[in-house]
Amino acid sequence: MLAEFLAELDQLSCDALTAFQSAGDVAALEAARIEFLGMKSGRLKSAQKGLGAVDKADKPKAGQRFNQLKQQIEAALEAAQARLDSGAGAVTDGPCFDPTLPGIRPRLGHLHPLTQTIEELKDLMGRLGFSVVDGPEVEDEWHNFEALNIPLEHPARNPLDNFYLATAQRLGCAKPQAVGTGPQAAEEKELLLRSQTSTVQIRVMEKTPPPVRIISLGRVYRPDDADATHYPMFHQIEGLLVDRGITMADLKSVLRLFASSFFQDDVHIRFRPSFFPFTEPSVEVDMSWQGRWIEMGGAGMVDPNVFRAVGYDPEEYTGFAFGLGVERVCMRRHNVTDIREFYKNDVRFLEQFT
Ligand code: FA5
């Protein structure tokens, strides 16, 4: 607030001095006087109102600069009057430049806290040997559901729980396609905003033979009501490691290393039994930090049906996958208690993360 206020005063000072110096007759000078020193709506008067928004602790500094500016502008008016009285014209040797004025401070921005978190996660998973892969946010049902062992009748595919796109078929402009299985059949079906980054597991395995060691970070979409811990658009980090002889112990070690590096503390990991159609067994991942257990996401060993869908041999390869909420991780790290703060674009919140 203080920086904004001071920047406004600097601009006002420069404009006023230029206007008074370039006034070539009494009428122009009077117009400039009204513009800058007018009692009702002069720019100095408007700037004075901004003083009210400055934090209490910064008020003395802001007030001092305001008074200094007022004196400066009044002096410039007097000088211009004297100049016109003496018969001299406008000062025409270029725009005003007062080397004694404080400079106009440009406001420095920085990366959004979630972008900072994403970059940090990429960096530390990169050091564990995981490469970063991107996937599309608009997905077909094959990658979002079927290949992930989520069949047509599964409740997760309910249109009310997903953001389906209005395809030609849905709008009634095309004949409905037969429901089939496999990527080709899914391409002919509906598109939706992906509800999880697990879609990227499929896209990678379809194209790459094992071994695979990747992470993917990006936006996902669910029609959840926004509250302190939920938002309809949020970010996930997905991890996938496939090779011969991979076990749950590898999953736990990687997650523990990951959490300890991110929180820069000795973080413990706890697995609670859970269910995801694309992992077997499946777990919820909790992390203990600062004396509390916190749920961060889901994980498990890749289900053999998923391997079959992408053409991997489940007798030869095993693998683990995990998916964590980036907002939740960032909230824990910075003690943010409401996820909605990330999306309000309120500079007072954001500037704490320089
Ligand atoms: C999944 O999305 C699974 N794809 C995770 C997974 C990946 C399991 C790989 C097994 C193997 P879940 O729906 O629980 O799981 O979401 C994972 C995390 O996303 C949650 O723990 C939470 O941290 C975050 N999350 C879920 N919904 C929201 C939301 N509306 N707003 C913010 N974060 C959310």
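Remember, predicted model here, so these are calculated numbers, not experimental data.

### Comments concerning the pattern of salt bridges
Applying the stated rule across the entire model yields 23 salt bridges. As a salt-bridge pair, Glu316 and Arg244 come within 2.4 Å of each other at their nearest N and O atoms. Taken as a pair, Glu316 in the loop between α10 (304–310) and β10 (318–325) and Arg244 in the loop between β6 (233–243) and α9 (248–263) lie far apart in primary sequence, 72 residues in all. Residues participating in the shared-partner salt-bridge network are Arg270, Arg272, Asp286 and Glu295.

### Side note on the sheet that holds strand β5 (residues 212–221)
Spatially, β1-β5-β6-β10-β9-β8-β7 is the arrangement adopted by the 7 strands of the open sheet, whose pairing is mixed. The open sheet has two edge strands with one neighbour each: β1 (131–132) and β7 (268–276). With 2 bridges connecting them, β1 and β5 associate as parallel partners. Bridging across to β5, Ser131 finds its partner in Ile214.

### Quick look at the sheet that holds strand β2 (residues 138–140)
Here 3 strands make up an open sheet; going across it, the order is β2-β4-β3 and the pairing antiparallel. With one partner strand each, in any of the chains shown, β2 and β3 (163–164) form the two edges of the open sheet. Both β3 and strand β4 (residues 191–193) contribute to a ladder of 2 bridges, which runs antiparallel. Note on β4: the bridge partner recorded for Tyr164 is Leu192.

### Some words on the layout of surface pockets
Space left empty within the atom packing is revealed by a probe, the size of a water molecule, rolled over the atoms. There is about 820 Å³ of room inside the largest pocket. What lines the largest pocket is a set of 41 residues, among which Ser195, Arg222, Phe234, Gln236 and Phe276 lie closest to the centre. The set of elements that each furnish at least two residues to the lining of the largest pocket consists of β6, β7, β8 (279–289), β9 (292–302), β10 and α11 (326–334). Split by residue class, the lining of the largest pocket holds 18 nonpolar, 15 polar and 8 charged.

### Things to note about the environment of Asn162
With respect to the element layout, Asn162 can be found in the loop between α6 (141–144) and β3. Taking the relative accessible area as the measure of exposure, Asn162 reaches 6% and is therefore buried. Along the primary structure Asn162 and Tyr221 are separated by 59 residues, whereas in three dimensions their C-alpha atoms are 7.5 Å apart.

### Digging into the site of the ligand
Close to the ligand lie 25 residues, the nearest being Gln196, Ser198, Arg222, Asp224 and Gln236. Between the ligand and the protein, one listed contact pairs an oxygen atom with a side-chain N or O atom of Gln236 at 3.0 Å. Taken by itself the ligand offers 680 Å² of open surface, and the protein chains cover 92% of this. Judged by its atoms lying within 2 Å of the grid points, the ligand is housed in the largest pocket. Considering every element that reaches the shell around the ligand, the biggest residue donor is β9, with 5 residues. Broken down by class, the residue content of the shell around the ligand amounts to 9 nonpolar, 11 polar and 5 charged.

Quick notes on the rules
Residues numbered from 1 in each chain as written. Predicted model: local features only at pLDDT ≥ 70, side-chain atom pairs only at ≥ 80, totals over all residues. Heavy atoms only, no water. Salt bridge = Lys/Arg side-chain N within 4 Å of Asp/Glu carboxyl O. Helix = DSSP H or I, 4+ residues; strand = E, 2+ residues; numbered from the N terminus. Pairing = 2+ DSSP bridges. 1 Å grid on protein atoms, 1.4 Å probe; cavity = no way out; pocket = protein on both sides within 12 Å on 5 of 7 lines; lining within 4 Å. Points joined across faces, edges and corners; volume = space filled by probe spheres on them. Nonpolar A, V, L, I, M, F, W, Y, C, P; charged D, E, K, R; others polar. Buried < 20%, exposed > 50% of the residue type's maximum accessible area, 1.4 Å probe, protein only. Near = heavy atom within 4 Å. Polar contact = N/O pair within 3.5 Å; in protein donor to acceptor, adjacent residues only side chain to side chain. Areas by Shrake-Rupley, 256 points an atom, 1.4 Å probe, with all protein chains shown as cover. Sits in = over half its atoms within 2 Å of the grid points.

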